[in-house]
Amino acid sequence: MMAYEVDLNSDLGESFGAYTIGQDEQVLNYVTSANIACGYHGGDHNVMSRTVKMAAEKGVGIGAHPGLPDLIGFGRRLMQVDPEDVYHFVLYQIGALAAFARAHKTELNHVKPHGALYNMASRDPEIALAIAEAVYHFDPQLILFGLAGSELVKAGRQAGLKVAEEVFADRTYQPDGTLTPRTQPHAMIHDPEEAAQRVARMVLEGKVQAVDGTDIPIKADTVCVHGDSPQALLFVQKLRDSLTKQGIHIKRVGTS
């Protein structure tokens, strides 16, 4: 009988200053990987340190979550950036989070771009390669998270990195395998039960239903729940419980 396993990740550490975003401490009890904001789209020095410390104490894999330099837009607005810019600001953000990891006597496990940068890298080979090279030049042992089947996954492999193909519990898919833009209706899935059923099918069958009703092939190494969602905690609880009951082992990417 084939053994199924999947990593469960969430984008965390996105609070900054006087603004609190997400339920990080509680969510960390259920995920195996944490993508921690590095100050560009969210997070600040205090939040980065606190989130790294909490993740390390709970045995959760720590990842840098670099985004576009757009705090006011939460990194979800498209920006005109060239690959050289992308390379440097991704390298900068990874280095910042790695400093906090070192201070807390732990280390980074992975890198996952955020928001608009993630979506740009999913389609644009040059942006994707700039991110992959930044990760590789910082530490070739880091795992690169990218949208399943995307240009970012291809660029990661091209650069010599281990990649984790990512699927989303709370987002819908287009027939070409990309995520439905948040500006469109039905981009988000709000029912935790529906999300859990969809994720189980992605892991067990390697398929997901697109918004037009067709099935598309998909590979699920890691599953994301967005930490800024009001339902994030409910989603990760339901997801972990449902997947475990179906015989799917929840396990951090990169562990033997």
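Residues numbered from 1 in each chain as written. Predicted model: local features only at pLDDT ≥ 70, side-chain atom pairs only at ≥ 80, totals over all residues. Heavy atoms only, no water.

(A) Region of the structure containing the overall build of the protein. The secondary structure content of the protein amounts to eight helices and ten strands. Computed over its C-alpha atoms, the radius of gyration of the protein comes to 17 Å, within 12% of the 18 Å expected for a compact globule of 256 residues. C-alpha extents for the protein along the principal axes are approximately 40 × 35 × 35 Å. When burial is assessed residue by residue, the protein has 55% of its 256 residues classed as buried. (Helix = DSSP H or I, 4+ residues; strand = E, 2+ residues; numbered from the N terminus. Rg over C-alpha atoms; globule rule 2.2 N^0.38 Å. Buried < 20%, exposed > 50% of the residue type's maximum accessible area, 1.4 Å probe, protein only.)

(B) Looking closely at the packing of helix H4 (residues 115-123) against helix H5 (residues 125-138). With their axes 6 Å apart at the nearest point, H4 and H5 run at an angle of 115° to one another. Crossing of H4 over H5 shows left-handed handedness. Judged by residue contacts, Leu117, Met120, Ala121 and Arg123 of H4 engage Pro125, Ile127, Ala128 and Ile131 from H5. Across the contact of H4 with H5, the residue classes tally to seven nonpolar, no polar and one charged. (Axes fitted to C-alpha atoms, helices over the stretch in contact; angles between N-to-C directions. Left-handed = near helix turned anticlockwise from the far one by under 90°. Contact = heavy atoms within 4.5 Å. Nonpolar A, V, L, I, M, F, W, Y, C, P; charged D, E, K, R; others polar.)

(C) Region of interest: unusual backbone geometry. In this structure, Phe74 is a non-glycine residue whose phi angle is positive, near 55°. As for its placement among the helices and strands, Phe74 is situated in the loop between strand S3 (61-65) and helix H3 (83-103). In this model, His186 sits at a positive phi of 65°, which is unusual for a non-glycine residue. Summarising the element assignment, His186 is placed in the loop between strand S6 (162-168) and helix H7 (192-205).

(D) Just the packing of aromatic side chains, in detail. Taken as a whole, this structure holds four aromatic pairs when the rule is applied. Seen in terms of ring centroids, Phe16 and Tyr19 are 5.4 Å apart; in terms of plane orientation they differ by 45°. Their pairing is tilted. For Phe16, a relative accessible area of 19% puts it in the buried group. An angle of 50° between the planes, with centres 6.0 Å apart, marks the rings of Tyr40 and Phe89 as tilted. Remark: Phe89 occurs in helix H3 and Tyr40 occurs in the loop between strand S2 (33-37) and helix H2 (45-57); sequence separation between them is 49 residues. Chaining the aromatic ring pairs together yields one cluster made of Tyr40, Phe89 and Tyr92. Above the plane of the ring of Tyr118 lies Lys112, whose end atom (NZ or CZ) is 5.6 Å from the centre. (Phe/Tyr/Trp six-rings, centres within 6.5 Å; stacked < 30°, edge-to-face > 60°. Lys NZ or Arg CZ within 6 Å of the ring centre and 35° of its normal.)

(E) Quick peek at the environment of His88. Its location among the elements puts His88 in helix H3. C-alpha separation for the pair His88 and Arg171, spaced 83 residues apart in sequence, amounts to 29 Å.

(F) Quick look at the pattern of salt bridges. All chains considered together, the criterion is met by twelve salt bridges. With its nearest N and O atoms 2.7 Å apart, the salt bridge here joins Asp221 to Lys219. By relative accessible area, Lys219 is classed as partly exposed at 44%. Here the residues in one salt-bridge network are Asp11, Lys112 and Glu166, joined through shared partners. (Salt bridge = Lys/Arg side-chain N within 4 Å of Asp/Glu carboxyl O.)

(G) The arrangement of H2 in detail. The first and last C-alpha atoms of H2 sit 19 Å apart over 13 residues, in line with the 18 Å expected at 1.5 Å per residue. At its buried positions, H2 is contacted by strand S1 (4-12), helix H1 (24-27), S2, S3 and H3. Capping the start of H2, Asp44 holds a side-chain oxygen 3.0 Å from the backbone nitrogen of Asn46, two or three residues further along. A positive phi of about 70° marks Gly59, the residue just after H2. (Expected span 1.5 Å × (residues − 1). Polar contact = N/O pair within 3.5 Å; in protein donor to acceptor, adjacent residues only side chain to side chain.)

(H) Spatial organisation of the nonpolar core. Judged by nonpolar contacts, the single largest core of 77 residues is most densely connected at Val86, Leu97, Leu108, Ile131, Tyr173 and Leu239. By residue number, the principal contributor to this core is H3, which donates eight residues. (Core = buried A, V, L, I, M, F, W, Y, C linked by side-chain atoms within 4.5 Å.)

(I) Fine view of H5. Taking 1.5 Å of rise per residue, 14 residues should cover 20 Å, and H5 covers 20 Å from first to last C-alpha, within 8% of that figure. For H5, the secondary structure elements touched by its buried residues are H3, strand S4 (110-111), H4, strand S5 (143-147) and helix H6 (151-159). Sitting at the amino-terminal end of H5 is Asp124, which places a side-chain oxygen 2.9 Å from the backbone nitrogen of Glu126.

(J) Structural detail: the environment of Phe89. What makes Phe89 buried here is its relative accessible area of 8%. In this structure, the C-alpha to C-alpha distance between Phe89 and Ile131, residues 42 residues apart in sequence, is 9.2 Å. Excluding residues within four positions of it along the chain, Phe89 makes contact with Tyr40, Gly67, Leu68, Pro69, Val81 and Leu117.

Nothing here speaks to function; it is all geometry.
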